[in-house]
Amino acid sequence: MDNHFPSCKEVVSEESEEESNGVNLMEFSDEILLHILSYVPCTDLVLNVRRTCRKLATLCLDKSLTHTVLLHKDYKVNKDKVKQLMRDIGKEIYQLNMAGCYWLPSSTIDHITRCKNLVKLNLSGCHVTSLRLSKMLSSLQHLRSLAIDVNPGFDASQLSSECKATLSRVSELKQTLYTPSYGVVPCCTSLEKLLLYFEILDHSREGFMLSGQLMVGESNVPHYQNLRIFYARLAPGYVNQEVVRLYLAVLSDRTPENLHAFLISAPGSFAETGATKNLLDSMARNVRLDALQLPKAWINGSGLLQHLKFNNPFYFSFSRCTLSGGHLIQRVINGGKDLKSLTSLNLSGCVHCLAPESLFRKAEDDIDSSILESLVVSCCNLRHLNLSAAHHHSSESIGNHLCQLLSRLKHLLSLALPVCSITDVAASVEKPPTTPNLVPQTFGKKVRIGIPTYPKNLGDQANQKIESSVFWALMGSLRFLETLEIIGSSFSSAMPRNEPAIRNSLPPCVRAQSVGDSEVAAISQLTYLQSLTLAQLPNILTGSGLVNIGLQCQHLRTLSLANLGMMGKVVYMSALMDMLKHCRCLRDLRLEQPYFCAGAQFFQALSHCSSLQRLCIVSRSGTLQSDAVMSFMASCLEVIMCHMFMGEPLTVCKNLQQSIVRSSAGRVEVLDAKLHHKSNDTFCVNKTSADILSTERFDLEAFLLSHK
């Protein structure tokens, strides 16, 4: 086969004499070349790069490059490439990730049978029938980790004995349910880690109500005796709650002795029953946990936290719970004892978590800085912290501001804060709500105000205000932060993931009125920032800080902006367009702003984002230019999702959607183009587009599967 490849000398000889006198890539050591090649997608290595010369032909098949194959979000992969890839290196693959490859036909799964040594397989988002799953798993005798979807029509009785034998050796299972079923859980008798995602609709496509009851005789089938990690995430709906209760029923009968992580993420109200209470009581008596997340109804008003025992906890989530600061210190972090093992803490929506008592306290009262200080000292190795959806107001005491205390957490990788928590106390006093600079937060008559031009130079911006602010100092101390969310305490998205849409959200917090362009500019200090969410910042006047972020944060991949500045006009449009010209690595962009004009200038600026893959615009009474959209789609060939919820007529939306699909023949298999007309009273809710405004601050799934 090497005869088909030119030698390295032949490749070099084709270069000019001037170029050959410089550094030649082929002169690097194999170790350096292998490191460089590790950044190239495996499909390109095997199908393209290795055909350039004999040396690369050998290196591209090195075990360090073929051991793990990632096809997740590789939108250029098709059935033929997967077939060729499996034919060339199938026996060398030990881990294969095809999660989210929804455009591949189900027959593609048949080629995985060539991977005889496969240990870990992720097929989440791929359509797999019971028969195809049975045939594939029958040949994967070494498989230990599996991720699949269970769709309507799944029939476990079609699984062969060889398939069940493979499943009996699987120790890690991730299962996404779109229909009431146990899936393959009953066959997995050696389970140690079980991750369940419940996405079952309450009604069928025909409009019939679904039942969460499973087949008679299946209720005692799951085997949990070796279980160490149990994680369940529920989408809204009563059917999901009914089905998860059946999964938990077996746990309540006999709690696994080795269980050390128990997490249930459920939106809205998920009432506690007698069975779940028995389960929690059994856990309190028999196990010591390292990770805990429960529905708020299971914690509020109960003494559960007082009885649960913890070993070396690494993850706590008390989202939306009525947990006071006193309980947090006494029951969770053991009166301020050493909790260096804790790496993730979610206190989103815990309005009283930084106050000693919650009985007579108002949500807008100042926090008790001693509670936050105890938390920071005890949990000094925190990497992920979520304090959003609450009013955390600092007092005027010097050195006790929330931002000053958080600056001690040097290991933080992700942080979520309410807008009102980052303001200087003195600044909020100097800028009362009646100041002329404030802009209206309603959809009423527009007010003409004078808006200064923004400084395009970072030095000019910095000289204006902010080096002395507590938020500027916080951003300067968290140099390695990768994910940041600054969201108004009363913000409500027009297209929420797990909550009903609300026509008019509450006005911003009074203290948030002073947070504007200078605070946004402070974020530009985060050189390694990859994901940024800004929502309900009322004092944005020009958006000048966005330009600084575009210039300095060159690793930014996800950007979500919602309700910035005045609601009757997009005051930051000029700055946003300048910012986008510098965002070469940006992949996901979500904009939620009334009266947004997606015109030619905007899409021309967006065309500079050469890596962009997903675009979502949510704008009541917004407008768009069809020609500009078409030009943008023609220039940005990586875009595979274009969702725009605007105020254009329905005919315009349908025609534009059809034009985009017709003109994108090369990527029609993966392209998801949705353009919706919204009336003045209703909002279309789309799960995919709404999810960009994240609900989880880091990849909890990967975190749990990698934890030993």
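Residues numbered from 1 in each chain as written. Predicted model: local features only at pLDDT ≥ 70, side-chain atom pairs only at ≥ 80, totals over all residues. Heavy atoms only, no water.

### A word on the overall build of the protein
Then comes step 1: Summing up its helical and strand segments, the protein has 27 helices and 22 strands in all.
Then comes step 2: Looking at the protein as a whole, 54% of its 708 residues qualify as buried.
Then comes step 3: As displayed, the protein has an accessible area near 31,000 Å², and 50% of this comes from carbon and sulfur atoms. (Helix = DSSP H or I, 4+ residues; strand = E, 2+ residues; numbered from the N terminus. Buried < 20%, exposed > 50% of the residue type's maximum accessible area, 1.4 Å probe, protein only. Areas by Shrake-Rupley, 256 points an atom, 1.4 Å probe, with all protein chains shown as cover.)

### Some points on the side chain of glutamine 241
Then comes step 1: Among the secondary structure elements, glutamine 241 is positioned in helix α10 (residues 238-253).
Then comes step 2: Only 3.0 Å separates the side chain of glutamine 241 from the backbone oxygen of serine 269, close enough to count as a polar contact. (Polar contact = N/O pair within 3.5 Å; in protein donor to acceptor, adjacent residues only side chain to side chain.)

### A short note on the packing of α10 against helix α11 (residues 274-286)
Then comes step 1: The geometry of α10 relative to α11 is characterised by a closest axis approach of 9 Å and an angle of 45 degrees between their N-to-C directions. Taken together, the axis directions place α10 and α11 in an arrangement best described as oblique. Where α10 crosses over α11, the handedness of that crossing is left-handed. Where α10 approaches α11, its residues Arg245, Leu248, Leu251 and Ser252 are matched on the opposing element by Ala275, Thr276 and Leu279.
Then comes step 2: Among the residues making up the contact of α10 with α11, the classes are represented as four nonpolar, two polar and one charged. (Axes fitted to C-alpha atoms, helices over the stretch in contact; angles between N-to-C directions. Parallel < 35°, antiparallel > 145°, perpendicular 65-115°, else oblique. Left-handed = near helix turned anticlockwise from the far one by under 90°. Contact = heavy atoms within 4.5 Å. Nonpolar A, V, L, I, M, F, W, Y, C, P; charged D, E, K, R; others polar.)

### Some thoughts on the packing of aromatic side chains
Then comes step 1: Under the defined criterion, the tally for this structure stands at 14 aromatic pairs.
Then comes step 2: The interplanar angle of 20 degrees and the centroid separation of 5.7 Å between the aromatic rings of phenylalanine 480 and tyrosine 528 together place this pair among those described as stacked. Separated by 48 residues along the polypeptide, phenylalanine 480 in the loop between α19 (470-477) and β14 (483-487) and tyrosine 528 in the loop between α20 (517-522) and β15 (531-537) bring together distant segments of the chain.
Then comes step 3: The ring of tyrosine 197 has lysine 174 sitting right over it, with the charged end atom 4.9 Å from the ring centre. (Phe/Tyr/Trp six-rings, centres within 6.5 Å; stacked < 30°, edge-to-face > 60°. Lys NZ or Arg CZ within 6 Å of the ring centre and 35° of its normal.)

### Regarding helix α3 (residues 30-37)
Then comes step 1: Leu33, Leu34 and Leu37 are the residues of α3 that are buried. Angularly, the buried residues of α3 cover 100 degrees about the axis, an arc narrow enough to put them on a single face. (Arc of directions from axis to C-beta.)

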